[in-house]
Amino acid sequence: MTVTGYDYEGVYDAAEHGSAATASVTDGTTIEYSVDGGKSWSETVPTIKDVGTIEVQVRATNKNYVTATNSYTLKVTPKAVTVTADNKSKTYGDEDPELTATVDGTLNDDKVVYTLSREEGSEP
């Protein structure tokens, strides 16, 4: 008997991603997963949502066959976002205007932390 796990790699999209393993013998076979180096096992298919990598160990057990093992990886990479400073102007001698920007590319309620500044004495 063999068990096959399926890698997943994608860009962050705020959704859960996982892939169930398959065994070459299905009748009477139990497939279990471990994400802690084999210390604990569960029949629940592991998922990943946030940026990072999860190494998944998988095993298929069946009383009629030798236990099969394998491993696969779930990986989410960062999503690109764009921070664009808004154009500002001022009249000589006036106070500097508040520096602002727009953020494009975030999902749901995700926030991007950024800082705006200008060189002292330069035009805004």
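Keep in mind that this is a model prediction, so the values were computed, not measured. (Residues numbered from 1 in each chain as written. Predicted model: local features only at pLDDT ≥ 70, side-chain atom pairs only at ≥ 80, totals over all residues. Heavy atoms only, no water.)

### A few points about the nonpolar core
Here is the rule we go by: To form a nonpolar core, buried Ala, Val, Leu, Ile, Met, Phe, Trp, Tyr and Cys residues must be joined to one another through side-chain atoms within 4.5 Å. Classification of residues uses two cut-offs on accessible area relative to the type maximum, computed with a 1.4 Å probe and protein chains only: under 20% is buried, over 50% is exposed, and between them is partly exposed. Numbering of helices and strands runs from the N terminus; a helix is a DSSP stretch of H or I covering at least four residues, while a strand is a stretch of E covering at least two. Contacts between residues were defined by any pair of non-hydrogen atoms, one from each residue, lying within 4.5 Å.
With 15 residues, the main nonpolar core has V3, A21, I31, Y33, V58, A60 and Y72 as its most contacted residues. For this core, the elements supplying multiple residues, two or more each, are β4 (30-34), β5 (52-62) and β6 (65-77). Once residues lying within four places of it in the same chain are set aside, the contact partners of V3 are A21, T22, A23, V58, A60, A68, T69 and N70.

### Some words on the sheet that holds β4
Going by this rule: Pairing between two strands is assigned when DSSP locates at least 2 bridges connecting them. Note on geometry: axes are lines fitted to C-alpha atoms, helical ones only across the stretch in contact, with angles between N-to-C directions running from 0 to 180 degrees.
Read across the sheet, four strands follow the order β2-β6-β5-β4 without closing on themselves; strand pairing throughout is mixed. Edge positions in the sheet fall to β2 (8-11) and β4, since each of these pairs with one other strand and no more. The sheet shows a mean angle of 20 degrees between the axes of neighbouring strands, direction not considered. Summarising the sheet, β5 and β6 pair through ten bridges and their orientation is antiparallel. Bridge pairing in β6 links V56 to Y72.

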